There are 2 protein chains.
Amino acid sequence: MKSWYCEKQSPGTKYCYEARRIFKKTSKSQTIEVFDSKENGKLLVIDGLLMLSERFEFPYHEMLVHIPLFSHRKPRNLLIIGGGDGGSVREGLKHRMVNQISLCEFDKDVIEISKHFFPFAKRSFENRRVRVYFQDGLDFLRKSDKHVYDVIINDSTDPTGPAAALFTGEFYDLAKKCLKQDGIFCTIGSTPFCEKGIVNKIDKALKSTFNHVHHYLAYVPMYQSGCWSFALASSEAISLKKRQRGGPSKEITCKYYNAKIHTACFQLPEFLHNQLYGKYT
Amino acid sequence: MKSWYCEKQSPGTKYCYEARRIFKKTSKSQTIEVFDSKENGKLLVIDGLLMLSERFEFPYHEMLVHIPLFSHRKPRNLLIIGGGDGGSVREGLKHRMVNQISLCEFDKDVIEISKHFFPFAKRSFENRRVRVYFQDGLDFLRKSDKHVYDVIINDSTDPTGPAAALFTGEFYDLAKKCLKQDGIFCTIGSTPFCEKGIVNKIDKALKSTFNHVHHYLAYVPMYQSGCWSFALASSEAISLKKRQRGGPSKEITCKYYNAKIHTACFQLPEFLHNQLYGKYT
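Here the structure is a predicted model, which is why all the values come from computation and not from measurement. (Residues numbered from 1 in each chain as written. Chains lettered and ligands numbered in written order. Predicted model: local features only at pLDDT ≥ 70, side-chain atom pairs only at ≥ 80, totals over all residues. Heavy atoms only, no water.)

**Let's talk about the overall build of chain A**
For step 1, the next point in the chain: Counting its regular elements, chain A contains nine helices and twelve strands.
For step 2, the next point in the chain: Taking 19 Å as the expected radius of gyration for a compact globule of 281 residues, we find that chain A reaches 18 Å, a close match to that expectation.
For step 3, the next point in the chain: Dimensions of chain A, computed from C-alpha atoms along their principal axes, come out at roughly 55 × 45 × 40 Å.
For step 4, the next point in the chain: A total of 281 residues make up chain A; the buried ones form 61% of that total.
For step 5, the next point in the chain: Restricting to contacts in chain A with at least 6 residues of sequence separation, those with at least 24 account for 66%.
For step 6, the next point in the chain: Entry remark: accessible area of chain A is about 11,000 Å², with carbon and sulfur atoms responsible for 49%.
For step 7, the next point in the chain: In chain A, which carries 42 positive and 30 negative side-chain charges, the distance between the mean positions of the two groups comes to 5 Å. (Helix = DSSP H or I, 4+ residues; strand = E, 2+ residues; numbered from the N terminus. Rg over C-alpha atoms; globule rule 2.2 N^0.38 Å. Buried < 20%, exposed > 50% of the residue type's maximum accessible area, 1.4 Å probe, protein only. Contact = heavy atoms within 4.5 Å. Areas by Shrake-Rupley, 256 points an atom, 1.4 Å probe, with all protein chains shown as cover. Lys, Arg positive; Asp, Glu negative; His and termini not counted. Charge placed at Lys NZ, Arg CZ, Asp CG, Glu CD.)

Put into structure tokens, the structure is as follows:
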């Protein structure tokens, strides 16, 4: 008999994948599972929520990392909060200009399990430009020096779960403190088709800290509705009209991100534009 | 006990919605079902495939209709092939410049059932600008005069099902014959994340008939992956940089489409650009 991994996306919606569980561990704070699926490669599931599938993680990680890095003129020092699966590190490493990536992951098991099951994670964490800190993201920023990072990325779990502290004004204030004056902060958001309030809540909290906030979208088939939001925030203005650096095309090889997507992703559907900024058309 | 409507999107993927079936009929060519779902309103299911949900039909219909209509300078005469649920008619009627919409639907039952269950369908078909023909799309075009329509839209079921004839060179040749010289043809495509070959197949067939072919995307949460493709084809060049008509903002009220989306939707993710046109970045 076939076995299925089914996830309740909301009380009345389930997405199911033919898959068998090949690993389960309850770490200090969460339950981590790995499934092997028929169509989507391995699945990483934390506390019953699908974090990534091997087949469809690429738009998520590429858009979370290349949008802020290409919006910055000279990103040298990158901090990723969360991201223990190594996908964001992998994308950050594609930028030769980035000479240090610090990853702050609360749960050591997420990294160890990812390194075991996902080859890209193993490669990411073996790179000499990468430093890993097993700490709480908020604590890490509290203890960090001022004006250290060019780009800080929040690659945590959902804003409604245990990572809720990474979506608060306090966290954004600390991120701003640790960014250089021309630094850029980028965070995951939510699915605006299904969870309307969350994107507005993130917007409001970001705007209480940063002068400039821009939301953008990408197709991420592994999450409900297939539409996932991100937000870019900064003290100085960011041009969305074109990316700040071109770079040799051989530098960056992507499956989703490109220079045209870099500007197109900021154009929001009418309902979301309306919800965030008022009527557009 | 809760009842669920589950649909196999592919052999290893199912999407399930809490819903109960409230109608079923086998018409002359297909099985039509209506479900009432907890979260997504009523669902129209044809031959076991979800065609629309009340909650998420808006991006599909808006993007299928407003992209070609706003790409044309003076769309007066619109033909929709398929579209018996009335959603595309509803969007076409928003354009005051359009003075006639012909809808050619093979299956009369689809229209009658939609009128009964979906209030927007009832309103669409009661409008005096709308004419309905119960014919096969291919036959209808064969018998039509030359150079009659400004815009022709293919709003059929999936290219792999009984509507396969509406994705062939023969159909595109007939559509071109019935379009005016500056006419625009628009067709639904597929989900490029999951069914890679189909978009290329449509592209190839369209290019054998039309000089200009452009693919575009929209978030459509009711279909697998949430990403759905469309294609615009024409004999004369179409500018994608801006829409051809502005119009008073009160004319068109949309939940998804707007002027910025009009240009952004043509920017394709790298893998799809690569697949269709070669390497981009």
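**As for the state of the cysteines**
All names here are of chain A.
For step 1, the next point in the chain: This structure, assessed with the given rule, holds two disulfides over all chains.
For step 2, the next point in the chain: Residue pairing for C6: its cysteine sulfur links by disulfide to C16, the two sulfurs lying 2.1 Å apart. Taking the sign of the S-S torsion, about 115° here, the bridge from C6 to C16 comes out right-handed. Taken together, the residues C6 in strand β1 (residues 4–10) and C16 in strand β2 (residues 13–26) connect sequence positions ten residues apart.
For step 3, the next point in the chain: The class of C16 is buried, set by a relative accessible area of 1%.
For step 4, the next point in the chain: Note on C104: no disulfide assigned, nearest cysteine sulfur contributed by C178 at a separation of 11 Å.
For step 5, the next point in the chain: Here C194 stays free of any disulfide, with the sulfur of C227 as its closest cysteine sulfur at 8.9 Å.
For step 6, the next point in the chain: Classification of C194 by relative accessible area gives buried; the value is 19%. (Disulfide = S-S within 2.5 Å.)

**Topic: the interface of chain B and chain A**
For step 1, the next point in the chain: Of the residues lining the interface, 47 residues belong to chain B; the matching set on chain A comes to 46 residues.
For step 2, the next point in the chain: Buried surface at the junction of chain B and chain A, both sides included, amounts to about 4,100 Å², of which 60% is carbon and sulfur.
For step 3, the next point in the chain: Seen at the junction of chain B and chain A, the total is zero salt bridges.
For step 4, the next point in the chain: Taken together, chain B and chain A are joined by 21 residue pairs in polar contact (both at pLDDT 80 or more).
For step 5, the next point in the chain: At six residues, the largest contribution of residues to the side of chain B that touches chain A is made by strand β2 (residues 13–26) of chain B. (Buried area = accessible area lost by both parts, 1.4 Å probe. Salt bridge = Lys/Arg side-chain N within 4 Å of Asp/Glu carboxyl O. Polar contact = N/O pair within 3.5 Å; in protein donor to acceptor, adjacent residues only side chain to side chain.)

**Structural notes on the pairing of strand β3 (residues 31–37) of chain A**
Residues and elements named next belong to chain A.
For step 1, the next point in the chain: Burial within β3 is extensive, with six of its seven residues counted as buried.
For step 2, the next point in the chain: Sheet analysis places β2 next to β3, joined by seven bridges and oriented antiparallel. What sits directly across from A19, in β3, is S37.
For step 3, the next point in the chain: What sits between the antiparallel neighbours β2 and β3 is a turn of four residues.
For step 4, the next point in the chain: Pairing between β3 and strand β4 (residues 42–46): five bridges, direction antiparallel. Within the sheet, the bridge partner assigned to E33 lies in β4 and is V45.
For step 5, the next point in the chain: Remark: four residues form the turn of the hairpin made by β3 and β4, two consecutive strands paired antiparallel; G41 in that turn has positive phi of roughly 70°. (Pairing = 2+ DSSP bridges.)

**Let's talk about the sheet that holds strand β10 (residues 179–188) of chain A**
Residue and element names in this part refer to chain A.
For step 1, the next point in the chain: Pairing in this open sheet of seven strands is mixed, and the strands run β8-β7-β6-β9-β10-β12-β11 from one edge to the other. Sheet topology places β8 (130–133) and β11 (212–219) at the edges, where each strand pairs with a single neighbour. Averaged over all pairs of adjacent strands, the angle between their axes in this sheet comes to 20°, without regard to strand direction.
For step 2, the next point in the chain: Where strand β9 (residues 149–155) lies against β10, five bridges are found, and the strand directions are parallel. Opposite I153, over in β10, you have C186 as the bridge partner.
For step 3, the next point in the chain: The strands touched by helix α6 (residues 169–178) within the sheet are β6 (77–82), β9 and β10, with β10 carrying the most contacts at an inclination of about 140°. (Axes fitted to C-alpha atoms, helices over the stretch in contact; angles between N-to-C directions.)

**Section: the relation of the copies chain B and chain A**
For step 1, the next point in the chain: In screw terms, the move from chain B to chain A is a rotation of 180° and a rise of 0.0 Å along the axis, fitting with an RMSD of 0.0 Å. Interpreted geometrically, this transformation is the action of a two-fold axis. (Least-squares fit on C-alpha atoms with pLDDT ≥ 70 in both.)

**Re the side chain of B:H95**
For step 1, the next point in the chain: With respect to the helices, strands and loops of the structure, B:H95 is situated in the loop between α2 (87–93) and β7 (100–104).
For step 2, the next point in the chain: Non-local contacts of B:H95, meaning those with residues more than four positions away in its chain, are made with B:H66, B:L69, B:F70, B:R129, B:R245, B:E251 and B:I252.

**So, the sheet that holds strand β12 (residues 227–234) of chain B**
All names here are of chain B.
For step 1, the next point in the chain: One open sheet holds the seven strands; their spatial order is β8-β7-β6-β9-β10-β12-β11, and the pairing between them is mixed. Among the strands making up the open sheet, the edge pair consists of β8 (130–133) and β11 (212–219). Averaged over neighbouring strand pairs, the angle between their axes works out to 20° when direction is ignored.

**Here we look at the domain arrangement of chain A**
Residue and element names in this part refer to chain A.
For step 1, the next point in the chain: What the domain assignment lists for chain A is domain 1 (4–53) and domain 2 (57–277).
For step 2, the next point in the chain: Between domain 1 and domain 2, the C-alpha centre-to-centre distance is 23 Å.
For step 3, the next point in the chain: Each side of the interface is counted separately: domain 1 has 24 residues, and domain 2 has 20 residues.
For step 4, the next point in the chain: Overall, the association of domain 1 and domain 2 removes approximately 1,900 Å² of surface from exposure, summing both partners, and the carbon and sulfur fraction of that is 64%.
For step 5, the next point in the chain: Three residues, K28, M51 and L52, lead the burial of domain 1 against domain 2; their summed loss comes to 26% of the area buried on that side.
For step 6, the next point in the chain: Linking domain 1 with domain 2 are one salt bridge.
For step 7, the next point in the chain: A salt bridge links D109 to K25, with the nearest nitrogen and oxygen atoms 3.0 Å apart.
For step 8, the next point in the chain: Remark: the boundary between domain 1 and domain 2 carries nine residue pairs in polar contact (both at pLDDT 80 or more).
For step 9, the next point in the chain: Elements with a minimum of two residues in the side of domain 1 that touches domain 2: β1, β2, β3, β4 and β5 (49–53). (Domains from an automatic or database assignment.)

**Observations regarding the pairing of strand β1 (residues 4–10) of chain B**
Residues and elements named next belong to chain B.
For step 1, the next point in the chain: Bridge count for β1 against β2 is six bridges, and the pairing is antiparallel. Among the inter-strand pairings, S10 is bridged to a residue of β2, identified as T13.
For step 2, the next point in the chain: Taking the residues that link successive antiparallel strands as the turn, the β1-β2 hairpin has two residues.

**Comments concerning the environment of B:L232**
For step 1, the next point in the chain: Examined against the element boundaries, B:L232 turns out to sit in strand β12.
For step 2, the next point in the chain: Those residues in contact with B:L232, other than ones at most four positions away along the chain, are B:I67, B:P68, B:S71, B:I184, B:F185, B:C186, B:H212, B:V213, B:H214, B:Y216, B:I238 and B:F266.

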